[in-house]
Amino acid sequence: MHEGLAAGLSEVIADPARVLTASQVLDRLSHDFYWYSPVLRPMLADKVCEVAVQPVSVDEVLAVLRYAGRFQIPVTVRGAGTGNYGQCVPLQGGIVLDLSLMERLEAITTDGVAVCQPGLRLGVLETEARERGWELRMYPSTLVKATIGGFLAGGSAGIGSVTHGGLRDFDTVRAFEIVTLEDEPRVVLIEGVAVHEILHAWGTNGVLTRIWFALTPAVEWTQMTVAFGSYEQAFRFTELIAVDEAWTKRLATVFEWPIPSFFSPVKHLVREGKSMALIMIATDQADALRKTAETAGGEVTFSGTFIGPRTQPLLSDYTWNHTTLWAMKADPEYTYLQCGFSPELCGEQFRLLRQRYGDEIIFHIEFMKNGEGNVTPGGIPIVRFTTEERLNEMIAYCRSIGVLVANPHVNYLEDGGRFRPDNIQLQAKQKYDPRGLLNPGKMISFQKQEVVR
């Protein structure tokens, strides 16, 4: 441990009890769900911070970063730790800055913008917003646990993205304040297009401390599951709903069999051997959707009202990367990829992948809108892991047939699928963290700058 680190940090925040040193606590706060990846699992398992700090104000964040800068101590920022890529795993020890106690919802403006601190749970925000006639535009399947700061730093899309796109689209993230790790840390307001300098940068180039996040008017939703005799039938039906703007939807998911068999808590909704579509539809369109599904050859196995994050069953618990978790519970040899299929060529891409890999790959599709307003099939296929070489070969083949892959088996931004090709995230790190102390090792294109004094 850096000499006197815990004692020194205890002097710069109001309550020394929020400087944590117990080994079990440090181990927990140093890890996320990186173990979804069999490649990252051995690489990150033994990484742990030297001390964790839980600030409750911007002034305390400034004080911690000032201290870290003075003694050249790495700082890794943490939300709720629900990410899957080791974003908050400290590669070089140092300090974990746990922002979970900065959880205040300051306001929801009359035009539907939530102003909040980074530790606010998305489930809490969804509940509060719906009480005021608003709701989240999109959220991850970890809705109940995930924080808004962690979502902006490490996420990209989720439930709602079929209509509202991802975090980078349609001005969903209006602004935020960050604290820098310059010689003298400062609070900087980032707004408009400049937010893309910091979004999905894993806390490598600034610490989010205040966020302006656009909401959308609340809708009364119905959850519906539909079983189909084949994956192709399920896909065609779900695509029809996803791309047609006449349908008001929040979720449009397709699972190839045997993925539905992994969902043990809702096994009564599953039909043996059949693929499944999961749709969240406006309640006033639920009857029409049922008729459309039956006309397409589907069997509606469940239809029920969504009343918020505590809805039971909460079917979003089986979508996005929660699907991977259920697969891994069924068979620990499963892992996943993150893919973007072509709307025009996806049928041929599915055929080629099935022909080459057989049951090594099982299709799971989440439809989402891109920044140009087009709805596309994003894939989080379940993959049977054998070796890292085989996994990398599969990724290379996907890319060779036009399937985009954001590689979830690397622990750095550049191959993770959300690194900006215009390098504005790198430029922001050079500006706001010139000594490379924020989450070091996660932005490999960064070179430490010589600071002229």
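(A) Just the environment of L337, in detail. With respect to the helices, strands and loops of the structure, L337 is situated in the loop between β15 (334-336) and β16 (339-340). Residue L337 is classed as buried on the basis of its relative accessible area of 0%. With 58 residues separating them along the chain, L337 and I395 place their C-alpha atoms 8.1 Å apart. For L337, the residues in contact, after removing those within four places along its chain, are G379, I380, P381, V383, L391, M394, I395, P408 and H409.

(B) Representation of the sheet that holds strand β13 (residues 275-282) in the model. Pairing within the open sheet is antiparallel, and its eight strands lie in the order β14-β11-β13-β12-β18-β19-β16-β21. Of all the strands in the sheet, just β14 (299-306) and β21 (404-405) have a single pairing partner and so form its edges. Sheet topology note: the strand β18 (residues 364-369)/strand β19 (residues 375-379) ladder contains five bridges and is antiparallel. Its bridge partner being in β19, E366 is matched across the sheet by G378.

(C) Here's a closer look at the packing of aromatic side chains. For the coordinates displayed, the defined rule picks out 19 aromatic pairs. Judged by centre distance (5.6 Å) and plane angle (50°), the ring pair of F262 and Y334 falls under tilted. You can see F262 sitting in the loop between β12 (249-255) and β13 and its partner Y334 sitting in strand β15, a full 72 residues away along the chain. Side by side, F262 and Y334 carry an identical accessibility label, which is buried. In this structure an aromatic cluster arises from ring pairing among Y231, F235, F341, F350, F363 and F367. One Lys or Arg, R356, reaches over the ring of Y397 and ends 4.1 Å from the middle of that ring. Over the aromatic face of F446 sits the side chain of K429, whose NZ or CZ is 5.0 Å from the ring centroid.

(D) Representation of the packing of helix α8 (residues 231-243) against helix α11 (residues 346-357). Close contact between α8 and α11 brings their axes to 12 Å; oriented N to C, the two are set at 155°. One element, α8, and the other, α11, form an angle in the roughly antiparallel class. Seen from above, α8 lies across α11 with right-handed handedness. Of the residues in α11, those in contact with Y231, E232 and F235 of α8 are C346, F350 and R354. Partitioning the contact of α8 with α11 into residue classes produces four nonpolar, no polar and two charged.

(E) Focus on the packing of α11 against helix α12 (residues 388-400). With their axes 11 Å apart at the nearest point, α11 and α12 run at an angle of 155° to one another. In terms of orientation, α11 and α12 fall into the roughly antiparallel class. Read as a crossing pair, α11 and α12 show a hand that is right-handed. Contacts between α11 and α12 involve L352, L353, R356 and Y357 from the former and R390, E393, M394, Y397 and C398 from the latter. Grouping the amino acids of the contact of α11 with α12 by side-chain chemistry returns six nonpolar, no polar and three charged.

(F) How the structure looks around the environment of D415. Relative to the assigned elements, D415 resides in the loop between β21 and α13 (424-432). The spacing of D415 and I444 is 29 residues in sequence and 10.0 Å in space, taken between C-alpha atoms.

The rules we used
Residues numbered from 1 in each chain as written. Predicted model: local features only at pLDDT ≥ 70, side-chain atom pairs only at ≥ 80, totals over all residues. Heavy atoms only, no water. Helix = DSSP H or I, 4+ residues; strand = E, 2+ residues; numbered from the N terminus. Buried < 20%, exposed > 50% of the residue type's maximum accessible area, 1.4 Å probe, protein only. Contact = heavy atoms within 4.5 Å. Pairing = 2+ DSSP bridges. Phe/Tyr/Trp six-rings, centres within 6.5 Å; stacked < 30°, edge-to-face > 60°. Lys NZ or Arg CZ within 6 Å of the ring centre and 35° of its normal. Axes fitted to C-alpha atoms, helices over the stretch in contact; angles between N-to-C directions. Parallel < 35°, antiparallel > 145°, perpendicular 65-115°, else oblique. Left-handed = near helix turned anticlockwise from the far one by under 90°. Nonpolar A, V, L, I, M, F, W, Y, C, P; charged D, E, K, R; others polar.

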